There are 2 protein chains.
Amino acid sequence: MEARTTNAGFLIFSNPTHMEPLTLHILGCGSARPTHKHNPSSQVLDCRGKLFMIDCGEGTQVAFTRNRLNMNRLGHIFISHNHGDHVFGLPGLVCTMSLMGRTADLHIHAPADVKPLLEMVEQHYCECLGYKLVYHPVDTAANTLVHEDRSLEVWSLPLRHRVPCCGYLFREKPLLPHIRRDMIDAFHIPFSQINNIKNGSGWTTPDGTFLPHEKLTTPADPPRSFAYCSDTLYMPALAPLLKDVTLLYHEATYTSEMEQRAKQNAHSTAAQAARIALAAQASRLCIGHYSACIDDENALLQEARAIFPRTILAREGMQIHL
Amino acid sequence: MEARTTNAGFLIFSNPTHMEPLTLHILGCGSARPTHKHNPSSQVLDCRGKLFMIDCGEGTQVAFTRNRLNMNRLGHIFISHNHGDHVFGLPGLVCTMSLMGRTADLHIHAPADVKPLLEMVEQHYCECLGYKLVYHPVDTAANTLVHEDRSLEVWSLPLRHRVPCCGYLFREKPLLPHIRRDMIDAFHIPFSQINNIKNGSGWTTPDGTFLPHEKLTTPADPPRSFAYCSDTLYMPALAPLLKDVTLLYHEATYTSEMEQRAKQNAHSTAAQAARIALAAQASRLCIGHYSACIDDENALLQEARAIFPRTILAREGMQIHL
């Protein structure tokens, strides 16, 4: 994973050894009180073209399209907790998708107390919802598998906030090794055998020479992972669940000077976020969920970097390639 | 009422003969499908410092503060109908006001089907709402007085849409005449008498000369009015209810070429909005609620101006001084 800056001035981490980037889009990184600098919480993880949304504050549908993301590719939304700045964008997004002619199911994974909001939207605002809204309750107290598909697992991460709340860990399943193109060409191995070889087979040439799997491939890329931890009190017990995570997004609502206030409001400081990243041996840390009373967010960055140097500040429109 | 343009490039109508301007702030003038050009519907009428909001689409709270409006001055919200692009900003606005320490009652005037949304917000998102949310049902089928205070009346205007829907007419009560400063000075009339004279009394000088009320005053400004008509089918029957309105905001979702579609979706064309303004003998017309499929809104403007020349296009951030 390396850093580069786009034309728009956003810092991007990219890993050029991976053929298919996992990209995190930051749609909103503010906190409860709205400001003109930040949208409320929302992120989208683009995993080989499949989009996974995490949290959906007011205005998310506009931020989503502003980031040139395609609603048809959004299949799952994961909600951390039932506070307005994390869910008030859901009604608009759900209705707009229907208006745009969506027919594919939309899966919403959320704590039980989010359900009444979804029921109200279905009952009062989408007389003829053109698609199925599938609600999946999430046990915020447990570290359990919430969703999986062919290439990805999503785990809940118990957090401690003023209402039931959990984070989410997205983890790639082990990847297949890379085929060595030079060997394929040299031994005229037919295309039909590529998948078998990727999955562990060797190849016997027409003259009877056996080429073992290891000679025909280079090792698979290590699976990547992304963890979203917001909103939460400082929870050292989180670190083992985040072990070796490629990118950790951890809320850093306040500076250490405001640690008491952070505790009262069940939030974390930048230093606390950095301590979690350090203990988890994360590759990178991205902090956000800034309190509206923080004028200069660089104070948060400096505080976190003093503990965990590989930290960046979340910004609306930022893309992070894992 | 005259037109001028601000530094920000917005066209402003002002009436310099009125000491206390009534100002309409356009917060959003888009329609159901979100675009990057427009916010969903919301307007604020500033009546001598008291703010009256009409409709509250998603993102209204941010547009409100971006327009430098003060939440403490907002006492009443009037909702036209229960479609998401007119109400999905309510939950966030209601919660933010509580977060900011509001204690004054907030009055919400809305059709009956908006009530479940308000109840859900109170029940699930504002455990300790610091102020009272007072719901006033509005009969959308009747032209009735919905609210009044010392200086203003608000009347419902029955509209025809796909759900119960009404517009609102804001009408100043008759104003007091202006005191003639030259007469006050010439006859040394004490300050304590000013209100009596404004309210119709004359004044007897120490030498016994009676000065009648008419000699001490100049006539009152004519009362001003503003009507909000969105969303609605073309309704010629509206015009008598809008007679001589100072400013009419009328939806113009489509051009005349799309009249069939307007009818199907229970919306109006720009020409139909202009016909209402003409029949009502309105002073000015402002059109909005643009369909996302209209690329060039000037087509709407031209169409309306061909029928009613004193038409302007609504724009986010626009202020119209009546």
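So, a few notes on the structure that sits alongside this text. (Residues numbered from 1 in each chain as written. Chains lettered and ligands numbered in written order. Predicted model: local features only at pLDDT ≥ 70, side-chain atom pairs only at ≥ 80, totals over all residues. Heavy atoms only, no water.)

### Observations concerning the packing of aromatic side chains
In this description, a pair of aromatic rings is defined by centroid distance and the angle of the planes. Taken as a whole and judged by the stated rule, the model has 14 aromatic pairs over all chains. Measuring from centroid to centroid gives 6.4 Å for Phe-52 of chain B and Phe-78 of chain B, while their planes differ by 40°, and the two rings are tilted. With Phe-52 of chain B in strand β5 (residues 50–54) and Phe-78 of chain B in strand β6 (residues 74–78), this residue pair connects regions lying 26 residues apart in the sequence. In this structure Phe-52 of chain B comes out as buried when scored by relative accessible area, which is 1%. Pairwise contacts between aromatic rings join Phe-52, Phe-78, Tyr-168, Phe-170 and Phe-226 of chain A into one cluster. Its end group placed over the ring of Tyr-234 of chain A, Arg-275 of chain A keeps NZ or CZ at 5.9 Å from the ring centre. (Phe/Tyr/Trp six-rings, centres within 6.5 Å; stacked < 30°, edge-to-face > 60°. Helix = DSSP H or I, 4+ residues; strand = E, 2+ residues; numbered from the N terminus. Buried < 20%, exposed > 50% of the residue type's maximum accessible area, 1.4 Å probe, protein only. Lys NZ or Arg CZ within 6 Å of the ring centre and 35° of its normal.)

### Observations regarding the environment of Met-53 of chain A
All names here are of chain A. Tracing the sequence through the fold places Met-53 in strand β5 (residues 50–54). Relative accessible area serves as the criterion here: at 0%, Met-53 is assigned to the buried category. Along the backbone, Met-53 and Tyr-135 are 82 residues apart, and their C-alpha atoms lie at a distance of 14 Å. In this structure, Met-53 is in contact with Leu-27, Ser-42, Gln-43, Val-44, Thr-60, Phe-64, Leu-74, His-76, Ile-77, Phe-78 and Leu-93, ignoring residues within four places of it in sequence. (Contact = heavy atoms within 4.5 Å.)

### Let's talk about the side chain of Glu-172 of chain B
Residue and element names in this part refer to chain B. You can see Glu-172 is positioned in strand β11 (residues 166–172). Looking at Glu-172, the relative accessible area reads 4%, which means it is buried. Here the side chain of Glu-172 touches Arg-48 through a polar contact of 2.6 Å, side chain to side chain. Ignoring anything within four residues of it in the chain, the contact list for Glu-172 reads Leu-22, Arg-48, Ser-151, Leu-152, Pro-222, Pro-223 and Arg-224. (Polar contact = N/O pair within 3.5 Å; in protein donor to acceptor, adjacent residues only side chain to side chain.)

### A closer look at helix α4 (residues 115–124) of chain A
Along an α-helix, residues three or four positions apart point the same way, because every turn accommodates 3.6 residues. Those residues of α4 of chain A not exposed but buried are Leu-117, Leu-118, Met-120 and Val-121 of chain A. Down the axis of α4 of chain A, the buried side of the element spans an arc of 160°, and every buried residue falls inside it. On its buried side, α4 of chain A packs onto α2 (84–87), α3 (90–99), β7 (106–110) and β8 (133–137) of chain A together with α4 (115–124) of chain B. (Arc of directions from axis to C-beta.)

### Let's talk about the interface of chain A and chain B
Counting residues at the interface gives 27 residues for chain A, matched by 27 residues for chain B. Here chain A packs against chain B, burying approximately 2,400 Å² in sum over the two surfaces, 65% of which is carbon and sulfur. Summed over the three residues of chain A that lose the most area to chain B, namely Glu-58, Phe-88 and Tyr-125 of chain A, the buried surface amounts to 28% of that side. Linking chain A with chain B are zero salt bridges, by the criterion used here. Taken together, the links from chain A to chain B amount to 10 residue pairs in polar contact (both at pLDDT 80 or more). Of the residues contributing to the side of chain A that touches chain B, the split by class is 13 nonpolar, 11 polar and three charged. (Buried area = accessible area lost by both parts, 1.4 Å probe. Salt bridge = Lys/Arg side-chain N within 4 Å of Asp/Glu carboxyl O. Nonpolar A, V, L, I, M, F, W, Y, C, P; charged D, E, K, R; others polar.)

### Thoughts on the nonpolar core
Core analysis: the biggest nonpolar cluster contains 66 residues, and Leu-90 and Ile-108 of chain A together with Leu-90 and Ile-108 of chain B have the highest contact counts within it. Other than its neighbours up to four places away in sequence, Leu-90 of chain B contacts Cys-56, Ile-77, Ile-79, Ile-108, Val-114, Leu-117 and Leu-118 of chain B. (Core = buried A, V, L, I, M, F, W, Y, C linked by side-chain atoms within 4.5 Å.)

### Brief notes about the sheet that holds β5 of chain A
Residues and elements named next belong to chain A. Ordered in space as β8-β7-β6-β5-β4-β3-β20, the seven strands form an open sheet in which the pairing is mixed. Each edge of the open sheet is held by one strand with a lone partner, namely β8 and β20 (319–321). Each strand of the sheet is rotated relative to its neighbour by a mean of 20°, with strand direction disregarded. Pairing of β5 with strand β6 (residues 74–78) involves four bridges; the strand directions are parallel. Bridge assignment links Leu-51 to a residue of β6, and that residue is Leu-74. (Pairing = 2+ DSSP bridges. Axes fitted to C-alpha atoms, helices over the stretch in contact; angles between N-to-C directions.)

### Observations regarding the sheet that holds strand β16 (residues 225–229) of chain A
All names here are of chain A. Spatially, seven strands are ordered β9-β10-β11-β16-β17-β18-β19 in an open sheet, and the strand pairing comes out mixed. Each edge of the open sheet carries a strand with a single partner, namely β9 (145–148) and β19 (311–313). Each strand of the sheet is rotated relative to its neighbour by a mean of 20°, with strand direction disregarded. Across the sheet, helix α10 (residues 298–305) lies against β18 (284–288) and β19, angled at about 170° from β19, the strand it touches most.

### With respect to the relation of the copies chain A and chain B
When chain A is fitted to chain B, the residual RMSD is 0.1 Å, and the transformation amounts to a turn of 180° plus an axial shift of 0.0 Å. Such a combination of rotation and displacement between the chain copies is what one expects of a two-fold axis. Measuring from the rotation axis to each C-alpha of chain A, the shortest distance belongs to Gly-59 of chain A, at 2.8 Å. Taken together, the interface assignments show that 100% of the residues at the interface of chain A recur at the interface of chain B, consistent with an identical surface on both copies. (Least-squares fit on C-alpha atoms with pLDDT ≥ 70 in both.)

### Description of the packing of helix α9 (residues 270–280) of chain B against helix α10 (residues 298–305) of chain B
Residue and element names in this part refer to chain B. Running from N to C, α9 and α10 cross one another at 35°; their axes reach a closest spacing of 8 Å. In this structure, α9 crosses over α10, and the sense of that crossing is right-handed. Of α10, the residues touching α9 (which contributes Ala-270, Ala-271 and Ala-274) are Leu-300, Glu-303 and Ala-304. Residues belonging to the contact of α9 with α10 are distributed by class as follows: five nonpolar, no polar and one charged. (Left-handed = near helix turned anticlockwise from the far one by under 90°.)

### A closer look at empty space enclosed by the protein
Counted under the stated rule, the structure contains one cavity of 30 Å³ or more. Considering only enclosed or pocket space, the largest cavity measures out at about 30 Å³ in volume. The wall of the largest cavity is formed by Phe-88 and Pro-91 of chain A together with Phe-88, Pro-91 and Leu-117 of chain B. (1 Å grid on protein atoms, 1.4 Å probe; cavity = no way out; pocket = protein on both sides within 12 Å on 5 of 7 lines; lining within 4 Å. Points joined across faces, edges and corners; volume = space filled by probe spheres on them.)

### A few points about the pairing of strand β8 (residues 133–137) of chain B
Residue and element names in this part refer to chain B. Relative to β8, strand β7 (residues 106–110) is paired through five bridges, and the arrangement is parallel. Bridge pairing links Ala-110 to Pro-137 in β8. With α4 bridging β7 and its parallel neighbour β8, the resulting β-α-β unit is right-handed. (Right-handed = clockwise from strand over helix to strand, strands pointing away.)

### Describing the pairing of strand β10 (residues 152–158) of chain A
All names here are of chain A. In terms of burial, β10 is largely enclosed, as six of its seven residues are buried. Relative to β10, β9 runs antiparallel, the two sharing three bridges. The partner of Glu-148 across the bridge, within β10, is Glu-153. Bridge count between β10 and strand β11 (residues 166–172): seven bridges; the pairing is antiparallel. Within β11, the position partnered with Trp-155 by the bridge is Leu-169.

### Remarks on the packing of helix α3 (residues 90–99) of chain B against α4 of chain B
Residue and element names in this part refer to chain B. The N-to-C vectors of α3 and α4 enclose an angle of 40°; their axes lie 10 Å apart at closest approach. Compared by their axis directions, α3 and α4 come out oblique. In this structure, the crossing between α3 and α4 has a hand that is right-handed. Listed contacts from α4 to Leu-90, Pro-91, Val-94 and Cys-95 of α3 are Leu-117, Leu-118 and Val-121. Tallied by class, the residues present in the contact of α3 with α4 amount to seven nonpolar, no polar and no charged. (Parallel < 35°, antiparallel > 145°, perpendicular 65-115°, else oblique.)

### With respect to the environment of Glu-303 of chain A
All names here are of chain A. Take Glu-303: it is sitting in helix α10. By relative accessible area, Glu-303 is classed as buried at 17%. In this structure the C-alpha to C-alpha distance between Glu-303 and Ala-270, which are 33 residues apart in sequence, comes to 6.1 Å. Filtering out sequence-adjacent residues up to four positions away, Glu-303 remains in contact with Thr-255, Ser-256, Thr-269, Ala-270 and Ala-271.

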